[in-house]
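Understanding the architecture of this molecule
Spelled out, the chains give:
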Amino acid sequence: MNSFWRIFFLEATAIIRSKALAMLSLASVVWMVVFPWIVKSDGTIEGARELYVRFSLGGVFMLLVISLMASATGSIARERAAKRLQLTMVRPVRYFAIALGKIAAHIASGAVVLAIATAILALKADLSRECSHVHSPILPTPREEAEAMYKVYMEDPQSPPELKNVRKATVIRILTQRARDHYQTIPTNGVAHWQFFAADKREGWTQPTTDAKIRFRFTNMHDTRQDIKGTVRWGSLVGEFSSMTRSFVEVPFKEGALENASPDEGEITVHNTGSGPLMLRQRQDVHLLLPADSFGMNLLRAYLELVAILGLVIAFGTFLSAGLGRPVALFVAMVTLTVTEMSPSVIEQYPDQFETNRIDRMGLAIARAAAKITRPVSALSPLETLSRDECVEWDDVLAKLMMCLFVMPCAFAFLAALMMPRKSE
């Protein structure tokens, strides 16, 4: 343990003496202050919040990802090239302690810079503003929905022959990817039911409350100015919505007639009373919002998640530094980061949905493996959730802290420890 702390303080001192910490702090302050002044929002509170959270704080985060990854990829390689690593090993220091100490020092530096940027955001924001827990309807998994749709397609005599001749695995994969965009249509005077809480198992059970809201994002058949009108019922609570210009609505609940209460308090019912049908995607466009705590606490949880993501990136860069020279390690790290960011887009936008080309199938298999094994850093970021005043849940925060800030750094430090003595001079 003493060896770890010695390496940690030596690396932290080296980062401070190189003025990297000071330069990153200055750049973060300038970006947080100047960027919102140069780039104007759309004038709404939501637009200003997105500008400050996603682009100001998000810009600082991406700066830290790139700069600290570049520094981490040279942390061990520089000492090995300068023959300083051998001097360190004269003392009784384990390779694992060297790698883990360097990872921890870089994480601490990133946490300090990110704390400065977060503090500037906190000075500009209303920390007492409430955020909401977001609940989605209980639906079959995308895989279950895809298999049910595949069975219908195969039994339908009107299904095109080219669809029936495609491999089942390919069709199931396509349907699974598209399950998120599956639309539900509520006709005029029609009713839709969504189960939000499993009453029989009491999983996530929440009694109906007037502090709740339900959020819809409608896609109308022909015109976004089509009449949007209806009522929502949750137990004994009711809500009404009406809009001629907006497809995005939040409906608050109020006390309704008890004799018309829904028998299942885990179910929410929507009645379309408008002049035309309503279209929405159940997995994306229907959410129940329950009151949580303040924006200040939400900002703290988002900060912890961002530090955890930095820990994962830094640990990977340090691992590469243990076995590769700095230029090669930096190149591999940047290519890996780019590939993980691009893989979902490549998979989604590939024009041949049935994958008839064998060579392309191989490339897509690699892209899917990269997307699955190395999930994009941007997908882990809580900034979008924070900008929408949605609650960054403690369960997710603790899981990411455990995995990205403890498990993965220790795993990469162990691999680096195996690699360092085998690296030829």
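Refer to the structure printed above.
First, a word on scope: everything that follows refers to the structure included in this document.

What counts and how
- Residues numbered from 1 in each chain as written.
- Predicted model: local features only at pLDDT ≥ 70, side-chain atom pairs only at ≥ 80, totals over all residues.
- Heavy atoms only, no water.
- Helix = DSSP H or I, 4+ residues; strand = E, 2+ residues; numbered from the N terminus.
- Buried < 20%, exposed > 50% of the residue type's maximum accessible area, 1.4 Å probe, protein only.
- Contact = heavy atoms within 4.5 Å.
- Axes fitted to C-alpha atoms, helices over the stretch in contact; angles between N-to-C directions.
- Parallel < 35°, antiparallel > 145°, perpendicular 65-115°, else oblique.
- Left-handed = near helix turned anticlockwise from the far one by under 90°.
- Nonpolar A, V, L, I, M, F, W, Y, C, P; charged D, E, K, R; others polar.
- Pairing = 2+ DSSP bridges.
- Salt bridge = Lys/Arg side-chain N within 4 Å of Asp/Glu carboxyl O.
- Phe/Tyr/Trp six-rings, centres within 6.5 Å; stacked < 30°, edge-to-face > 60°.

Topologically, His 287 is positioned in strand E11 (residues 286-294). Take His 287: its relative accessible area is 12%, and that puts it in the buried class. In this structure His 287 touches Val 134, His 135, Ser 136, Phe 196, Lys 213, Ile 214 and Arg 215, once residues within four positions along its chain are discounted.

With that settled, consider the packing of helix H2 (residues 20-38) against helix H6 (residues 95-124). In the contact formed by H2 and H6, the axes pass within 9 Å of each other and the chain directions differ by 25°. As far as their axial angle goes, H6 and H2 are roughly parallel. You can see that H2 and H6 cross each other, and the crossing is right-handed. Of the residues in H6, those in contact with Leu 21, Leu 24, Ser 25, Ser 28, Val 29, Met 32, Val 33 and Pro 36 of H2 are Ser 109, Val 113, Ile 116, Ala 117, Ile 120, Leu 121 and Lys 124. Classifying every residue of the contact of H2 with H6 by side-chain character gives eleven nonpolar, three polar and one charged.

Right, let's talk about the pairing of strand E4 (residues 213-217) for a bit. Alignment of E4 against strand E7 (residues 248-252), held across five bridges, turns out to be antiparallel. Counted as the bridge partner of Arg 217 is Phe 248 from E7.

Positive phi is not limited to glycine here, since Asn 189 has a value of about 65°. Exposure remark for Asn 189: the relative accessible area of 57% places this residue in the exposed category. Its identity as a non-glycine residue notwithstanding, Asp 389 has a phi of 60°, on the positive side. Mapped onto the secondary structure, Asp 389 falls in the loop between helix H15 (383-387) and helix H16 (394-419).

A separate point is the pattern of salt bridges. Within this structure, the stated rule accounts for twelve salt bridges. Among the ionic pairs, Glu 305 bridges to Lys 400, the shortest N-O distance being 3.1 Å. Taken together, the residues span a long stretch of sequence, with Glu 305 in helix H11 (residues 295-323) and Lys 400 in helix H16 at a distance of 95 residues. When its relative accessible area of 2% is taken as the criterion, Glu 305 is described as buried. What emerges from the salt-bridge pattern is a single network uniting Arg 215, Glu 384, Arg 388 and Glu 390.

Okay, the packing of aromatic side chains next. Scanning the model with the defined rule gives eleven aromatic pairs in all. Here the aromatic rings of Phe 8 and Phe 9 are separated by 5.4 Å at their centres, their planes lie at 75°, and the arrangement is edge-to-face. Under the relative-accessibility criterion, Phe 8 is labelled buried at 14%. Ring geometry for Trp 31 and Phe 35: centres 4.6 Å apart, planes at 15°, overall stacked. Of the two residues, Trp 31 and Phe 35 are both situated in helix H2; the distance of four residues between them amounts to about one turn of the helix. Under the relative-accessibility criterion, Trp 31 is labelled partly exposed at 35%.

What follows deals with the packing of H11 against H16. It is at 9 Å that the axes of H11 and H16 come closest, and there the two elements cross at 15°. As summarised for this structure, H11 and H16 are arranged roughly parallel, according to the angle between their axes. In this structure, the crossing between H11 and H16 has a hand that is left-handed. Residues of the contact of H11 with H16, tallied by class, amount to 20 nonpolar, two polar and four charged.

A few words now on the sheet that holds E11. With antiparallel pairing, four strands are arranged side by side in an open sheet as E1-E11-E4-E7. The open sheet has two edge strands with one neighbour each: strand E1 (130-135) and E7. Averaged over all pairs of adjacent strands, the angle between their axes in this sheet comes to 35°, without regard to strand direction. In the packing of H11 onto the sheet, contacts are made with E1 and E11, and the angle to E11 comes to roughly 100°.

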